[in-house]
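A closer look at the structure
Given next are the chains, with one letter for each unit.
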Amino acid sequence: MSRLQTTDNLTEEQVELLKLVKEFVNEQIIPVATDLEHKDEYPQAIVDQMKEMGIFGLMIPEEYGGLGESLLTYALCVEEIARGWMSVSGIINTHFIVAYMILQHGTEEQKQNYLPRMATGHLRGAFSMSEPGLGSDVSAIKTKAVRQGDSDDWVIDGQKMWLTNGGSANLVAVLVKTDLGADSVYKNMTTFLIEKESGFGETAQGVTVPGKIDKMGYKGVDTTELVLTGHKTTTAQILGGEPGKGFYQMMDGVEVGRVNVAARACGVSMRAFELGISYAQQRETFGKKIADHQGILFRLADMAVKVEASHQMMVKAARLKDAGKRNDLEAGMAKYLAAENCANVVEQSFRIHGGYGYSKEYEIERLYREAPMLLIGEGTAEIQKMIIGRRLLEDYKLKG
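Residues numbered from 1 in each chain as written. Predicted model: local features only at pLDDT ≥ 70, side-chain atom pairs only at ≥ 80, totals over all residues. Heavy atoms only, no water.

Comments concerning the pairing of strand β3 (residues 153–164)
Here is the rule: Here, any two strands with at least 2 DSSP bridges between them count as paired. Helix and strand definitions follow DSSP, with helices as H or I runs of at least four residues and strands as E runs of at least two, each counted in order from the N terminus.
With 4 bridges joining them, strand β2 (residues 144–147) and β3 adopt antiparallel strand pairing. Residue pairing for β3: R147 is matched across the bridge by W154. Between β2 and β3, which follow one another and run antiparallel, lie 5 residues, and G149 among them has a positive phi close to 65 degrees. Relative to strand β8 (residues 223–234), β3 runs antiparallel, the two sharing 9 bridges. Counted as the bridge partner of T164 is T223 from β8.

This is the structure:
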């Protein structure tokens, strides 16, 4: 590992795993990432290698065929993968969230059915809360599941938006409204596990994935809509087997997802720093390397501080979750800090590259288009600040 982002108190097994992942990133991802990104081509060969390495089952317990690693270990691996190409980390991010939700909230039958296949990567997960007419306002979702009388049969209708892995996944955790008569809109939401074929078009009865959404960055990975038209399912496909708990299950998943997004931002930041400091030692202006100019030195110092601060905040949030402690404050802080710092570090590296940074021949151009996604993924900066502010008021509430 580099001097930056080094984490103390790791086990020998963690160190060896991270070394393996770093070698994989350097040898198999970085050399092909920019070319695949420009083609918007799904990195199937990379995904196949990650299956063999057990990456898709990092946090799934050994009893279900996974590696049984901690959130910290997972986040450090994601950080390395994102350093290579953020889109690859996105491929495992939503898969990891769905596996985590099933492990924490699923019935034993659901765990036995899904987790072993998810651990090998043969069953791939995606999850969906957002819809075309809403973003962070989850309470406004319109996709609805209607129970058929007193039976265990349900019919789902609606349109979901911004599914990462929407096409390649074959298991989707979908948050829908279920009119249960509860006094809170959040208690009238349910998470269904929907199985489908990978691909586009109608992938299951009443389940259609129209196609990939064209994006300015974050290419390679498929981002899609999901249209549900009279999709028939049963109570057995409700996460945990009981309706009305979907919102809280999703929020638990998003909480660990925010640590994941923070890790991805740390990885992109680290790569931008590596590119910037390398270029600064090669490029010459006014008779000397630009790294010898004070202005560039200031930029490099500022970038390094931001990379390290983000990394340490992410590590703290992961360690708290692993310890079984509440970490919504720290997860929100980590996601907010790392994403904002990432955008800044990437821009500073872009400036160091000068005109060449604007060329598609240089890797920093790709990072410059990818970084903005981290500002909005798993909740915008404004949402993070609301979460942080409310939790601070809880911790510092005046007495009397």
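Describing the layout of surface pockets
Which entries qualify depends on this criterion: Method remark: on a 1 Å grid restricted to protein atoms, a set of points is classed as a cavity if a 1.4 Å probe fits but cannot get out and as a pocket if it is open with protein on both sides within 12 Å along at least five of seven lines; lining residues have an atom within 4 Å of a point. Grid points are joined across faces, edges and corners, and a volume is the space filled by probe spheres set on the points. Note on residue categories: nonpolar means Ala, Val, Leu, Ile, Met, Phe, Trp, Tyr, Cys or Pro, charged means Asp, Glu, Lys or Arg, and polar means any other residue, Gly included.
Considered as a void within the structure, the largest pocket measures approximately 1,400 Å³ in volume. Of all the elements in the fold, those that place two or more residues in the lining of the largest pocket are α4 (86–105), β1 (125–128), β3, α6 (246–280), α8 (328–353), α9 (363–376) and α10 (381–395). Looking at the lining of the largest pocket residue by residue, the classes come out as 19 nonpolar, 15 polar and 13 charged.

Let's talk about the pattern of salt bridges
Applicable threshold: We define a salt bridge as a contact between a side-chain nitrogen of Lys or Arg and a carboxyl oxygen of Asp or Glu at a distance within 4 Å. Summary of the burial criterion: residues with accessible area below 20% of their type's maximum are buried, those above 50% are exposed, and those between are partly exposed, where the area comes from a 1.4 Å probe applied to protein chains only.
Throughout the structure, instances matching the rule amount to 27 salt bridges. K144 serves as the salt-bridge partner of D179, at 2.8 Å between the closest nitrogen and oxygen. You can see D179 sitting in the loop between β4 (171–177) and β5 (189–195) and its partner K144 sitting in strand β2, a full 35 residues away along the chain. The exposed category is assigned to D179, whose relative accessible area is 58%. Between R391 and D328 there is a salt bridge, with the nearest N and O atoms lying 2.9 Å from each other. Highlighted residues: R391 in helix α10 and D328 in helix α8, separated in sequence by 63 residues. Overall, R391 belongs to the buried group, its relative accessible area being 8%. What you see here is one network of salt bridges that share partners, running through K22, E80, R83, R271, E274, E363, R366 and E370.

Focus: the side chain of R258
Where we set the bar: In what follows, residue pairs with any heavy atoms lying within 4.5 Å of each other are defined as contacts.
Inspection of the secondary structure assignment puts R258 in helix α6. According to the relative accessible area criterion, R258 is buried, its value standing at 13%. Setting aside residues up to four positions removed in sequence, R258 forms contacts with A331, K335, E378, I383, Q384 and I387.

Observations concerning the environment of A339
Examined against the element boundaries, A339 turns out to sit in helix α8. Residues A339 and S310, spaced 29 residues apart in sequence, show a C-alpha to C-alpha distance of 8.5 Å.

Focus on a negative patch on the surface
Where we set the bar: Residues qualify for a patch when their relative accessible area is over 30% and they have no salt bridge, like charges being joined within 9 Å and the nonpolar side chains of Val, Leu, Ile, Met, Phe, Trp and Tyr within 5 Å. Note on areas: these come from Shrake-Rupley sampling with a 1.4 Å probe, and a residue is covered only by the protein chains present in the view. Working convention for charge: Lys and Arg count positive, Asp and Glu count negative, and His plus the chain ends are omitted. Note that the charge is assigned to NZ on lysines, CZ on arginines, CG on aspartates and CD on glutamates.
Judged by side-chain charge, E12, E13, E16, E23 and E27 come together as a negatively charged surface patch. Inspection of the secondary structure assignment puts E13 in helix α1 (residues 12–39).

Focus on α10
Short version of the rule: For a helix, the expected span equals 1.5 Å multiplied by the residue count minus one. In this context, the arc is that of the directions from the helix axis out to the C-beta atoms.
In this model α10 runs 21 Å from its N-terminal to its C-terminal C-alpha over 15 residues, within 8% of the 21 Å that 1.5 Å per residue would give. Every buried residue belonging to α10 is among A381, Q384, I388 and R391, and all of these are buried. For α10, the angular spread of the buried residues around the axis is 100 degrees, confining them to a single face. The exposed residues of α10 that point more than 90 degrees off its buried face are E382, R390 and L393. Those residues of α10 that are buried are in contact with α6, α8 and α9.

Comments concerning the nonpolar core
This is how the line gets drawn: In plain words, nonpolar cores are sets of buried Ala, Val, Leu, Ile, Met, Phe, Trp, Tyr and Cys residues tied together by side-chain atoms within 4.5 Å.
Membership of the largest hydrophobic core comes to 99 residues, with the highest contact counts inside it found for I29, M50, I81, I102, M118 and M314. Residue contacts for M314: discarding those within four places in its chain leaves A75, L76, E79, V259, A262, A263, C266 and A334. Membership of the second largest hydrophobic core comes to 17 residues, among which are A145, W154, V172 and I238.

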